[in-house]
Amino acid sequence: MLESGSGNRDGFTSKFGIICAAAGSAIGLGNIWRFPYVAGENGGGAFLLMYLGFVLVLGIPVMLTEFSIGRRAQRNAYGSFRKLAPGKPWYLVGLMGIVAAFVILAFYSTIAGWTLHYVYTSLINGFAGQSTEQLSRSFEAFQSSIGMPLFWQFVFIVLTAIIILSGIKKGIEKYSKILMPFLFLLLLILSVRSLTLPGAMEGLRFLFRPDFSKINADVMLSALGQAAFSLSIGMGALITYGSYIPKNNNLSQTAFEVSVADLLIAVLAGVAIFPAVFAFQMAPDEGVGLIFKVLPNIFQQMVGGYFFSLMFFILLAIAALTSSISIMEVVVAFLVEEFRMLRSVATAITAIAATVVGVFCTLSWSTFEGVSIFGQSIFGIMDFTASNVLLPLGALLIVLFAGWYLSRADLRDELTNGGLLKARLFGLFMFIIRFVAPVAIAIVFLQGIGFIR
Ligand code: PHE
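Residues numbered from 1 in each chain as written. Predicted model: local features only at pLDDT ≥ 70, side-chain atom pairs only at ≥ 80, totals over all residues. Heavy atoms only, no water.

*Asks:* Outline the overall build of the protein chain, supporting the account with residue identities and numerical values.
*Replies:* For the protein chain, the count of helices and strands is 18 helices and zero strands. Whereas a compact globule of 453 residues would reach a radius of gyration of roughly 22 Å, the protein chain reaches 21 Å, a difference of no more than 12%. Over its C-alpha atoms, taken along the principal directions, the protein chain stretches across nearly 60 × 50 × 40 Å. The 453 residues of the protein chain split such that 59% are buried. Relative to all contacts within the protein chain whose residues are 6 or more apart in sequence, the contacts with residues 24 or more apart total 83%. Measuring between centres, the 28 positive side-chain charges of the protein chain sit 9 Å from its 22 negative side-chain charges. (Helix = DSSP H or I, 4+ residues; strand = E, 2+ residues; numbered from the N terminus. Rg over C-alpha atoms; globule rule 2.2 N^0.38 Å. Buried < 20%, exposed > 50% of the residue type's maximum accessible area, 1.4 Å probe, protein only. Contact = heavy atoms within 4.5 Å. Lys, Arg positive; Asp, Glu negative; His and termini not counted. Charge placed at Lys NZ, Arg CZ, Asp CG, Glu CD.)

*Asks:* Tell me about the site of the ligand, residues and numbers included.
*Replies:* Surrounding the ligand, one finds 16 residues, the nearest of these being Ala-26, Gly-30, Tyr-108, Phe-229 and Ser-232. One nitrogen or oxygen atom from the side chain of Tyr-108 is found 2.4 Å from an oxygen atom belonging to the ligand. Considering only residue class, the shell around the ligand consists of eight nonpolar, eight polar and no charged. (Near = heavy atom within 4 Å. Polar contact = N/O pair within 3.5 Å; in protein donor to acceptor, adjacent residues only side chain to side chain. Nonpolar A, V, L, I, M, F, W, Y, C, P; charged D, E, K, R; others polar.)

*Asks:* Can you lay out the pattern of salt bridges for me, pointing to particular residues and giving the numbers?
*Replies:* When their charged atoms lie close together, side chains carrying opposite charge are able to pair. Per the stated rule, a full pass over the model turns up 11 salt bridges. Note that Lys-293 and Glu-286 form a salt bridge whose closest N and O atoms lie 2.7 Å from each other. Look at Lys-293 and you get buried, because its relative accessible area is 5%. Residues participating in the shared-partner salt-bridge network are Arg-71, Arg-72, Lys-247, Asp-410, Asp-413 and Glu-414. (Salt bridge = Lys/Arg side-chain N within 4 Å of Asp/Glu carboxyl O.)

*Asks:* Tell me about unusual backbone geometry, residues and numbers included.
*Replies:* Comment: phi is negative for the bulk of residues other than glycine, and the bulk of peptide bonds are trans. The backbone phi angle of Gln-281 is positive, close to 50 degrees, even though this residue is not glycine. Locating Gln-281 in the fold gives a position in the loop between helix H12 (251-279) and helix H13 (290-300). For Phe-374, which is not glycine, the phi dihedral falls at a positive 50 degrees. Relative to the helices and strands, Phe-374 resides in the loop between helix H15 (343-362) and helix H16 (378-405). You can call Phe-374 exposed: its relative accessible area is 79%.

*Asks:* Can you break down the packing of aromatic side chains residue by residue, with the values?
*Replies:* Scanning the entire structure with this criterion turns up 39 aromatic pairs. Here Phe-299 and Phe-313 contribute two aromatic rings whose centre-to-centre distance is 6.0 Å and whose plane-to-plane angle is 65 degrees, an arrangement assigned as edge-to-face. Here Phe-299, found in helix H13, pairs with Phe-313, found in helix H14 (residues 305-339); they are 14 residues apart in sequence, far enough to count as distant. We classify Phe-313 as buried; its relative accessible area is 0%. Geometrically, the ring pair formed by Trp-365 and Phe-379 is tilted, given 5.0 Å between the ring centres and 50 degrees between the ring planes. With Trp-365 in the loop between H15 and H16 and Phe-379 in helix H16, the pair connects residues that are 14 residues apart, well separated along the chain. The buried category is assigned to Phe-379, whose relative accessible area is 1%. One cation-aromatic arrangement involves Arg-34 over Phe-229; the distance from NZ or CZ to the ring centre is 5.1 Å. In this structure, Arg-434 packs its charged tip against the face of Trp-404, placed 4.0 Å from the ring centre. (Phe/Tyr/Trp six-rings, centres within 6.5 Å; stacked < 30°, edge-to-face > 60°. Lys NZ or Arg CZ within 6 Å of the ring centre and 35° of its normal.)

*Asks:* Could you give an account of the packing of helix H5 (residues 91-123) against H14, naming the residues involved and the relevant values?
*Replies:* In helix packing, the relevant descriptors are the interaxial angle and the interaxial distance, both defined with respect to the helix axes. Two elements in contact, H5 and H14, have axes whose closest approach is 9 Å; the angle formed by their N-to-C orientations is 160 degrees. Taken together, H5 and H14 sit at an angle that is classed as roughly antiparallel. Read as a crossing pair, H5 and H14 show a hand that is left-handed. In terms of residue class, the contact of H5 with H14 is built from 24 nonpolar, six polar and no charged. (Axes fitted to C-alpha atoms, helices over the stretch in contact; angles between N-to-C directions. Parallel < 35°, antiparallel > 145°, perpendicular 65-115°, else oblique. Left-handed = near helix turned anticlockwise from the far one by under 90°.)

*Asks:* How would you summarise helix H1 (residues 15-26) if you had to cite specific residues and measurements?
*Replies:* With 12 residues, H1 should reach 16 Å at 1.5 Å per residue; the first-to-last C-alpha distance of 17 Å fits that figure. Of all 12 residues that make up H1, 10 are buried, and the element is covered over most of its length. Along H1, the residues that are buried comprise Gly-17, Ile-18, Ile-19, Cys-20, Ala-21, Ala-22, Ala-23, Gly-24, Ser-25 and Ala-26. (Expected span 1.5 Å × (residues − 1).)

*Asks:* Which residues make up the environment of Tyr-51, and what are the values?
*Replies:* Along the chain, Tyr-51 turns up in helix H3 (residues 45-73). Separated by 89 residues in the primary sequence, Tyr-51 and Glu-140 place their C-alpha atoms 29 Å from one another. Tyr-51 has contacts with Phe-35, Ala-223, Gln-226, Ala-227, Ser-230, Asp-262, Leu-263 and Ala-266, leaving out every residue within four places of it along the chain.

*Asks:* An account of a nonpolar patch on the surface is needed here, citing residue identities and associated values.
*Replies:* On the surface, a cluster of nonpolar side chains totalling about 690 Å² of accessible area is made up of Tyr-120, Leu-123, Ile-124, Met-148, Phe-151, Tyr-306 and Phe-307. Of all the elements in the fold, those that place two or more residues in the nonpolar patch are H5, helix H7 (147-165) and H14. Looking at the secondary structure, you find Phe-151 in helix H7. Phe-151 sits in the partly exposed class, given a relative accessible area of 44%. (Patch = residues over 30% accessible without salt bridge, like charges linked within 9 Å, V, L, I, M, F, W, Y side chains within 5 Å. Areas by Shrake-Rupley, 256 points an atom, 1.4 Å probe, with all protein chains shown as cover.)

*Asks:* Report on the environment of Ala-402, specifying residues and quantitative values.
*Replies:* In this structure, Ala-402 sits in helix H16. Every residue in contact with Ala-402, bar those within four places of it in the chain, is listed here: Thr-65, Leu-411 and Ile-433.

*Asks:* Could you give an account of the side chain of Asn-249, with specific residues and numbers?
*Replies:* Examined against the element boundaries, Asn-249 turns out to sit in the loop between helix H11 (237-242) and H12. The exposure class assigned to Asn-249 is buried, which follows from its relative accessible area of 4%. Leave out the neighbours within four places in its chain, and Asn-249 touches Lys-15, Ile-18, Arg-71, Thr-254 and Asn-417.

*Asks:* Describe the side chain of Thr-160, and please don't skip the residues or the numbers.
*Replies:* Assignment of secondary structure puts Thr-160 in helix H7. Once residues lying within four places of it in the same chain are set aside, the contact partners of Thr-160 are Leu-321, Ser-324, Ile-325 and Met-328.

Put into structure tokens, the structure is as follows:
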């Protein structure tokens, strides 16, 4: 096995850089594309409440656990389990994460490709003068075409690979540092415009007033899956990033800040989307196309809409990039460290494989429109499998590993930076990862897939 000490491993440099990189991973299409569409399909307020609960009670501890495992082991997702549990089958959790990374990269790049197409459409002022009806139809025409979606998906994967190739410090940190605050600002402006549209209040009610009769096992699993997806937990992305975090960083603080930022952005995206959905008399359960159909309507009602639309889709594409690099990095770090591959070779292999699988996702609405797996499209089944199966299962196994296999003393040592920091909530943390999280995730998961009632 490769022995690389922390000294010669590429890593994040400043505290702000760590937060930005981890937040860059968490904040992405999950918040702005996925959260509104899944919340819309699952009844709004009740879903939001469950999601909130999962992020705060389970998400933060799981994120912290991943950081600790990665920083302790100084390895990729698979290698970390190998190193901390030699000769034990825990490395399978790492392998599952590598598989999940592939699946997510494949369908994530489909949506990111759509985002790039919307950058281009904004640039040529292609939304101008279209009615709500027409905007929806143009989106659907694009979605069910072949050449353009594939082209943009390919562009996105190449962009991801280029950033991955420029290494950790120079690449990831530099790009995410400057741009995330801008995205936040733009969402804020969008929310204000959306909220001042006539009929906006109904959207707020939809998002914030829980209708408890809408909660069922499906909704709960969707909320859990959304929480995991949005926080980037359950597949080792944050184990991998944890391995790049310096020993003096306060991991608990980082996990807390990143999770709260992620939560805020998702809620803000909801506040931007749902008032507009109702103002333009659209359906909240539109599905994967929701934001692409709704947002251009808002931009048309804004002074400087051309500029805002262009800026927004550029920033969204960048947010998607800072997430996709964290997904690709899981696979690349694995190949580099475990197979001693050159970083360039590992990146090329990963990018090509992701493109091959990704094509099937992108063509779900055209060439493979007729394909139905468990009643879902290829895209749908990949999204479901990753978010609602692999990530919850991964998160479950990660907390079990840290809670029951790792020694309490080691974990404490990692969280307190060798005793330098106070560990005020350590008991609570241990209680959550040993009991609360495993039991809660297991119940929600087994009920959600219909295994128990
Ligand atoms: N959290 C990212 C987003 O919200 C997606 C992601 C999932 C990234 C899993 C890494 C791991 O867009």
